[in-house]
Amino acid sequence: MRSKILAVVAASVMSAGLLAGCSSSSDNDGSSGATTGAGAEKVTLTVFAAASLKKSFTDLATAFSEDHPDIEVKFNFDGSQALVTQIEQGAPVDVLATADEKSMDKLGGKITDPQVFATNVLTIVTQPGNPKNIRSLSDLSKPDVTTVICAGDVPCGNATAEIEENTGVDIKPVSEETAVTGVLTKVQTKQADAGLVYVTDATGAGDTVTSVSDPAFAAVVNKYPIGVVAATKNREAAQLFVDMVLGTKGSGLLESQGFGPAK
């Protein structure tokens, strides 16, 4: 009888040990999964930005990714009015940066606390060497000079119209583009003698164009606002990107590429 009791006790102890072992293994797996797993999933941040911001924001994204390797930034660069329309139609986006406040204001409460981060002004670009000898804004009204400008509903088009009104110069464009990059491309490809683009676009184009300034440009300043889209599902990451643009690193890079400071 004694041997049978000992056998039962031994079996019970062994069974308890096995159960304890299973429980311990389960706990360790859970702990291990929480601390040594793949970690948080990489966040993809979608930024809609005015076409004139393409180079600067692409450079900023490189610096941003170095500080935040878990966040991938994807861009959609286009005319500000096109970006606004896409958001109004429900396009998924986390951050918006436009080339003027008027475009941003159209979205009202869909953008959280937009703030101006840079300014820009227009300039004339010509084919390299300025073969038509364009010296001022008034030269663009000459019949033998073909000029390209932005369409009226684009921020650079609004600025062009304001400058024409201020100066009385009447430009007869051969084409009106939906983004400032389209104006620049038509001059670079010799489809036009001259075009009105932002100073930053002229700077970025290097020796593929010649720049011609005019005192009238200084009176019309475009203010660039940026803000987090209210419907974003990546609010924290979006705010981090906005903070970088508004911070010293962002402002320093923007100013190095010809943008004026926020006003």
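Residues numbered from 1 in each chain as written. Predicted model: local features only at pLDDT ≥ 70, side-chain atom pairs only at ≥ 80, totals over all residues. Heavy atoms only, no water.

Visitor: I keep staring at the overall build of the chain and nothing clicks. Help me out?
Guide: Across its full length, the chain holds nine helices and 10 strands. Expressed as a percentage of its 263 residues, the buried residues of the chain come to 42%. Looking at the chain alone, contacts between residues at least 24 apart form 78% of all its contacts between residues at least 6 apart. Here the chain has roughly 13300 Å² of accessible surface; of this, 53% comes from carbon and sulfur atoms. (Helix = DSSP H or I, 4+ residues; strand = E, 2+ residues; numbered from the N terminus. Buried < 20%, exposed > 50% of the residue type's maximum accessible area, 1.4 Å probe, protein only. Contact = heavy atoms within 4.5 Å. Areas by Shrake-Rupley, 256 points an atom, 1.4 Å probe, with all protein chains shown as cover.)

Visitor: Just checking my understanding: could you explain the packing of aromatic side chains for this structure?
Guide: Given two aromatic rings, one states the distance between the centres and the angle between the planes to describe the pair. For the structure shown, the criterion picks out nine aromatic pairs. Plain terms: the ring middles of Phe 75 and Phe 77 are 4.9 Å apart, the flat faces sit at 20 degrees to each other, and that makes the pair stacked. Exposure remark for Phe 77: the relative accessible area of 22% places this residue in the partly exposed category. Aromatic side chains Phe 75 and Phe 241 sit 6.3 Å apart centroid to centroid with 65 degrees between the ring planes, which places their arrangement in the edge-to-face category. With Phe 75 in strand β2 (residues 71–78) and Phe 241 in helix α8 (residues 235–246), this pair connects stretches of sequence that are 166 residues apart. Since its relative accessible area comes to 25%, Phe 75 is described here as partly exposed. A relative accessible area of 0% means that Phe 241 is categorised as buried. (Phe/Tyr/Trp six-rings, centres within 6.5 Å; stacked < 30°, edge-to-face > 60°.)

Visitor: Where do I start with helix α3 (residues 80–88) in this structure?
Guide: At 3.6 residues per turn, the α-helix brings residues three or four places apart onto the same side. Buried within α3 we find Ser 80, Gln 81, Ala 82, Leu 83, Val 84 and Ile 87. Taken together, the buried residues of α3 touch β1 (43–50), β2, β3 (95–97), α4 (101–105) and α5 (155–167). Looking one or two residues beyond α3, the residue adopting positive phi is Gly 90, at roughly 100 degrees.

Visitor: In this structure, what is going on with the pattern of salt bridges? I would like to understand it.
Guide: Side chains carrying opposite charge are able to pair once their charged atoms draw close together. Overall, the coordinates contain six salt bridges when judged by the stated rule. Among the ionic pairs, Asp 67 bridges to Lys 249, the shortest N-O distance being 3.1 Å. Taken together, the residues Asp 67 in helix α2 (residues 54–67) and Lys 249 in helix α9 (residues 248–256) connect sequence positions 182 residues apart. Taking relative accessible area as the criterion, Asp 67 reaches 44% and is therefore assigned partly exposed. Among the residues examined, Lys 249 registers a relative accessible area of 44% and is labelled partly exposed. With a closest N to O distance of 2.9 Å, Asp 170 and Lys 172 form a salt bridge. Here Asp 170 falls in the partly exposed class, since its relative accessible area comes to 42%. (Salt bridge = Lys/Arg side-chain N within 4 Å of Asp/Glu carboxyl O.)

Visitor: Just checking my understanding: could you explain empty space enclosed by the protein for this structure?
Guide: Taking a probe equal in size to a water molecule and rolling it over the atoms shows the remaining empty space. Going through the model one piece at a time under the given rule, you end up with one cavity of 30 Å³ or more. Surrounding the largest cavity, 13 residues form its lining, Ala 50, Ala 51, Ala 99, Val 154 and Val 180 being those nearest its centre. Classifying every residue of the lining of the largest cavity gives nine nonpolar, three polar and one charged. (1 Å grid on protein atoms, 1.4 Å probe; cavity = no way out; pocket = protein on both sides within 12 Å on 5 of 7 lines; lining within 4 Å. Points joined across faces, edges and corners; volume = space filled by probe spheres on them. Nonpolar A, V, L, I, M, F, W, Y, C, P; charged D, E, K, R; others polar.)

Visitor: In this structure, what is going on with the state of the cysteines? I would like to understand it.
Guide: By definition, a disulfide links the sulfur atoms of two cysteine residues through a covalent bond. Throughout the structure, instances matching the rule amount to one disulfide. What pairs with Cys 150 in a disulfide is Cys 156, and their sulfur atoms sit 1.8 Å apart. Taking the sign of the S-S torsion, -95 degrees for the link of Cys 150 and Cys 156, the bridge is left-handed. Here Cys 150 falls in the buried class, since its relative accessible area comes to 1%. (Disulfide = S-S within 2.5 Å.)

Visitor: Please explain the sheet that holds strand β8 (residues 194–198) as it appears in this structure.
Guide: Strand pairing in a sheet takes place through backbone hydrogen bonds and is either antiparallel or parallel in direction. Ordered in space as β7-β6-β8-β5-β9, the five strands form an open sheet in which the pairing is mixed. Only two strands of the sheet have a single partner each, and these edge strands are β7 (175–177) and β9 (210–212). Ignoring strand direction, the axes of neighbouring strands in this sheet form an average angle of 35 degrees. Across the sheet, α5 is in contact with β5 (122–126), β6 (147–150) and β8; its angle to β5 comes to roughly 95 degrees. (Pairing = 2+ DSSP bridges. Axes fitted to C-alpha atoms, helices over the stretch in contact; angles between N-to-C directions.)

Visitor: What exactly am I supposed to notice about unusual backbone geometry here?
Guide: Residues other than glycine predominantly adopt negative phi, and peptide bonds predominantly adopt the trans conformation. For Asn 130, which is not glycine, the phi dihedral falls at a positive 55 degrees. Relative to the helices and strands, Asn 130 is located in the loop between β5 and β6. Backbone geometry places Lys 190, a non-glycine residue, at a positive phi of 60 degrees. Note that Lys 190 resides in the loop between α6 (180–188) and β8.

Function cannot be inferred from these measures alone, as they are strictly geometric.
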